[in-house]
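Chain by chain, the residues:
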Amino acid sequence: MAAAVASSSALPFASLQPNSSAGLKNTIPLYPPTFRATLPRRIPPLSCAAASTSIEEDNGRRGRYADESIREEAARRDHALPSNFHGFSAWYVPFGPSPDPNERYSLDDVVYRSSSGGLLDVRHDFSALAKFPGSYWRDLFDSRVGRTTWPYGSGVWSKKEFVLPEIDADHIVSLFEGNSNLFWAERLGREHLGGMPDLWVKHCGISHTGSFKDLGMTVLVSQVNRLRSKPLSRPIGGVGCASTGDTSAALSAYCAAANIPAIVFLPTDRISLAQLVQPIANGATVLSIDTDFDGCMRLIREVTAELPIYLANSLNSLRLEGQKTAAIEILQQFDWEVPDWVIVPGGNLGNIYAFYKGFSMCKELGLVDRMPRLVCAQAANANPLYLHYKSGWSDFKPVTAAETFASAIQIGDPVSIDRAVYAIQKTYGIVEEATEEELMDAMSLADRTGMFACPHTGVALAALFKLRESGVIGTNDRTVVVSTAHGLKFTQSKVDYHANEIADMVCRFANPPVKVKADFGSVMDVLRKKLVVKK
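Residue numbering note: each chain is counted from 1, following its sequence as written. Two thresholds apply to this predicted model, a pLDDT of at least 70 for residue-level local features and 80 or more for giving and counting side-chain atom pairs, whereas whole-chain, interface and lining totals are computed over all residues. By convention in this description, side-chain values take in all heavy atoms of the structure and omit both hydrogens and water.

S.K.: Honestly, the overall build of the protein in this entry has me stumped. Any pointers?
M.R.: Each helix is a run of DSSP H or I of at least 4 residues and each strand a run of E of at least 2, with the numbering of both proceeding from the N terminus. Secondary structure summary: the protein contains 20 helices and 13 strands in total. Between buried and exposed lies partly exposed: a residue is buried under 20% and exposed over 50% of the maximum accessible area for its type, with that area taken using a 1.4 Å probe on protein chains only. Per-residue burial for the protein yields a buried fraction of 57% across its 535 residues. The contact criterion used throughout is that any non-hydrogen atoms of two residues lie within 4.5 Å. Long-range contacts, defined as pairs at least 24 residues apart, comprise 69% of the intrachain contacts of the protein with a sequence gap of at least 6. Shrake-Rupley sampling with a 1.4 Å probe provides the accessible areas, and residues are treated as covered by the protein chains on show and by no other component. About 22800 Å² of surface is accessible on the protein, with carbon and sulfur atoms providing 51% of the total.

This is the structure:
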């Protein structure tokens, strides 16, 4: 066995499979590309030397013991491996220029800011990952889609080596998030956007809690779960966040799954009832605070500095490692072809940088040969990035966010402003805004073509309409609009729109119920007017 390991240094991990003479694509393992590919799957958790004696008799056998869970099976496989066998690693570094070029922190450190007070970023050991070609990573990630093998049934953890390579599978907290639908918006593109044949909507809102925030929260809560198993000088008592709704729902669900206390700060009367009830139902401690999101954010940062509560907002760069996998999923769903444009709603602005990281990582490691142009779409009532962009990136000025139907992005002082500017500039991207009427009309028009979009998706769709009208996005450009949340979380806004009960809004696509008398003639009169029969 030692000889097999020693001979593998210049070969893809798939070659570690015993008696393998087929090509790389035919030998790709379902499990991570590590030494575990050589080990039998139904043996006790022995040392590698002891385990190797039964390789021939158990080779190729799948499944697990009858009394063993998928998590226990994964832990057994991991225990049979040498420590850090794969050699992949990641750590925190300051985001952007730093006075200390050697400043770095372990992911096991509880740290949110650099020594100079700036943001942190997660950096991977690209030299280790790049030992294997892009084709290897494409085949590996594709082989895991749709599996129940722990933890690869998750759209995030199926890319574990690109996310948190050193975490044990036993510490991962996953609800098999991700793997969300890429919806072909055929009718919307054909009838309302000048005949666009290649328009797609990435439905991140079909994830477990109804938003893309699940992708980042599984990573953050998994790392907290790992840290709580360690002897820390300052033990972690719980995890907290300020939220405009979706972050609190995701945090509460994942903490509930891991039995970790969750504390959420919500601005009073500024989120939908559906968003409010999620953390309550999951058992979180919910503080309704008479301020806006920015005020909640200031308070949670002060509290986490005093109490042993781990900060879960996007100031924490761990979440972005999970969110970036949505970009990798888009590439997978296009058979690793790169779209021309990706349009993302922006509030606290971590998401636009997360998409940049996902696409950039795939390009740098040879999975693809280029990157899409990114568009960040903001509500006009909460548009600090848009104003910064229109000023030619002169001095950034926070704004006081006004009320918007896109409540999850009602943020006037975004934490990730520097990250967002970097992502837009690096991809020759664009920032666009949408008024309340524009975003509600765009959402409602999309609904009429088969979607059930949230107002935040309406912001991104309104940006698409504007960029098509100006000719920036071409008819045949492959374009992906990112839908960040499920429309069922925002039903009241839809009810008000279709009832024509929104002040100073025409509601052009309202479709209220038609009141009809309970007789055949009255019903027929209405239906004759509504039906258009093709001859």
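S.K.: Honestly, the pattern of salt bridges in this entry has me stumped. Any pointers?
M.R.: If the charged atoms of two oppositely charged side chains come close together, the side chains can form a pair. Whenever a carboxyl oxygen of Asp or Glu lies within 4 Å of a side-chain nitrogen of Lys or Arg, that contact is scored as a salt bridge. In the structure shown here, the tally under the stated rule is 18 salt bridges. For Lys357, the salt bridge identified is with Asp121, shortest N-O distance 3.1 Å. With a gap of 236 residues between them, Lys357 in helix α14 (residues 350–364) and Asp121 in strand β3 (residues 120–124) connect regions that are remote in the sequence. A residue is classified by how much of its surface remains accessible, and Asp121, at 11% relative accessible area, is buried. Residues Arg528 and Asp525 are paired through a salt bridge, measuring 3.8 Å at the closest nitrogen-oxygen approach. Remark: Asp525 and Arg528 occur in helix α20 (residues 520–530); sequence separation between them is three residues, near one turn of the helix.

S.K.: For this particular structure, what's the right way to read the packing of aromatic side chains?
M.R.: Each aromatic ring pair is described using two quantities: the centre-to-centre distance and the angle formed by the ring planes. Side-chain rings of Phe, Tyr and Trp (the six-membered ring for Trp) are treated as a pair once their centres are within 6.5 Å; stacked means planes under 30 degrees apart, edge-to-face means over 60, and tilted covers the remaining angles. Counted by the stated rule, this structure contains 18 aromatic pairs. Between the aromatic rings of Tyr112 and Tyr310, the centroid separation amounts to 5.7 Å while the plane-to-plane angle is 70°, which identifies the pairing as edge-to-face. Of this pair, Tyr112 sits in the loop between β2 (105–106) and β3 while Tyr310 sits in strand β9 (residues 309–311), placing them 198 residues apart in sequence. By the burial criterion, Tyr112 is buried, and Tyr310 matches it. Whether a charge sits over a ring depends on NZ of Lys or CZ of Arg being within 6 Å of the ring centre and within 35 degrees of the ring normal. A cation over a ring is seen here: Arg144 above Tyr152, with NZ or CZ 4.1 Å from the ring centre.

S.K.: I keep staring at the sheet that holds strand β4 (residues 182–184) and nothing clicks. Help me out?
M.R.: The pairing of strands in a sheet comes from backbone hydrogen bonds and takes either a parallel or an antiparallel form. Criterion used throughout: strands pair if DSSP finds at least two bridges between them. Strand order in this open sheet of six strands is β4-β5-β13-β10-β11-β12, and the pairing throughout is mixed. This sheet does not close on itself; its edge strands, each paired only once, are β4 and β12 (430–434). Strand-to-strand twist across the sheet, computed as the mean angle between neighbouring axes with direction ignored, equals 25°. Pairing of strand β10 (residues 341–345) with strand β13 (residues 479–483), which is carried by three bridges, proceeds in the parallel orientation. Each bridged residue has a counterpart across the sheet, and for Trp341 the counterpart in β13 is Thr479. Interaxial angles span 0 to 180 degrees and are taken between N-to-C directions of axes, which are lines fitted to C-alpha atoms, for helices over the stretch in contact. Where helix α18 (residues 455–469) meets the sheet, it contacts β5 (199–203), β10, β11 (373–379), β12 and β13, and its direction lies at approximately 115° from that of β12.

S.K.: Looking at this structure, I do not really get the UniProt feature "modified residue: N6-(pyridoxal phosphate)lysine" (unreviewed entry) in the protein. What am I missing?
M.R.: Within this numbering scheme, the UniProt entry marks Lys213 as carrying the feature "modified residue: N6-(pyridoxal phosphate)lysine" (unreviewed entry). Its location among the elements puts Lys213 in helix α8 (residues 213–228). The buried category is assigned to Lys213, whose relative accessible area is 13%. Not counting residues up to four positions away in its chain, the partners in contact with Lys213 are Asp246, Thr247, Ala250 and Arg319. UniProt positions are given in the numbering used here, feature names are shortened, and annotations may be inferred rather than shown by experiment.

S.K.: Would you explain helix α6 (residues 134–144) in this entry?
M.R.: Since the α-helix turns once every 3.6 residues, residues separated by three or four places project in the same direction. Burial analysis of α6 places eight of its 11 residues in the buried class, which makes it a mostly covered element. Taken together, the buried positions of α6 are occupied by Gly134, Tyr136, Trp137, Asp139, Leu140, Phe141, Ser143 and Arg144. Once α6 finishes, Gly146 follows within two positions and takes phi at roughly 80°, a positive value.

S.K.: Help me understand unusual backbone geometry in this model?
M.R.: Where the residue is not glycine, phi is negative for most of them; where a peptide bond is considered, it is trans in most cases. Residue Pro151 is reached from Trp150 by a cis peptide bond, and omega for that bond is -5°. Position of Pro151 among the secondary structure elements: in the loop between α6 and β4. The backbone phi angle of Phe176 is positive, close to 55°, even though this residue is not glycine. Here Phe176 shows up in the loop between α6 and β4. Backbone geometry at Leu349 places phi at a positive 75°, although glycine is not the residue there.

S.K.: Even after reading the chapter, I still don't get the confidence of the model for the protein, so can you show me in this structure?
M.R.: A low pLDDT score tells you not to read the predicted coordinates there in detail. One number per residue, pLDDT, summarises how confident the predictor is, and it ranges from 0 to 100. Per-residue confidence for the protein averages 86 on the pLDDT scale, and 86% of its residues sit at or above 70. Note on residues 1–61: pLDDT under 50 across the span, and 121 contacts to partners over four residues away in sequence or across chains.

S.K.: Whenever I open this one, the nonpolar core confuses me. Can you help?
M.R.: One broad trend across soluble globular proteins is that nonpolar side chains are buried collectively. Core analysis: the largest hydrophobic core is formed by 105 residues, its most contacted members being Trp137, Phe162, Val221, Val239, Leu251, Tyr310 and Phe355. With eight residues, the single largest contributor to this core is α14. Excluding residues that lie within four positions of it along the chain, Phe162 makes contacts with His124, Leu129, Trp137, Phe141, Glu321, Lys324, Ile328, Met361, Leu365 and Leu367. Nonpolar core, defined: a set of buried Ala, Val, Leu, Ile, Met, Phe, Trp, Tyr and Cys residues in which side-chain atoms within 4.5 Å join the residues together.

S.K.: Just to check I follow, could you spell out the packing of α14 against helix α16 (residues 417–426) for this structure?
M.R.: Packed helices, taken two at a time, are described by the angle their axes make and the gap between the axes. Between α14 and α16, whose axes approach to 8 Å, the crossing angle comes to 45°. Judged on the interaxial angle alone, α16 and α14 are oblique. Crossing geometry of α14 relative to α16 is assigned as left-handed. Residues Ile352, Tyr353 and Tyr356 of α14 form the contact with α16, whose own contacting residues are Arg419, Ala420, Tyr422, Ala423, Ile424 and Lys426. Throughout this entry, Asp, Glu, Lys and Arg are counted as charged residues, while Ala, Val, Leu, Ile, Met, Phe, Trp, Tyr, Cys and Pro are counted as nonpolar. The remaining residues, Gly among them, count as polar. The residue inventory of the contact of α14 with α16, partitioned by class, reads seven nonpolar, no polar and two charged. Relative orientations are named as follows: roughly parallel for angles under 35 degrees, roughly antiparallel for angles over 145 degrees, roughly perpendicular for angles from 65 to 115 degrees, and oblique for any other angle. Helix crossings fall into two classes, left-handed where the near helix is turned counterclockwise from the far one by less than a right angle and right-handed where it is turned clockwise.

S.K.: Looking at this model, I keep getting lost on the packing of helix α17 (residues 436–447) against helix α19 (residues 491–498). Mind explaining?
M.R.: As a packed pair, α17 and α19 sit with axes 11 Å apart at the nearest point and diverge in direction by 90°. For the element pair α17 / α19, the angle class is roughly perpendicular. Judged by residue contacts, Met440, Asp441, Met443, Ser444 and Asp447 of α17 engage Ser493, Lys494, Tyr497 and His498 from α19. Of the residues assigned to the contact of α17 with α19, the class counts are three nonpolar, three polar and three charged.

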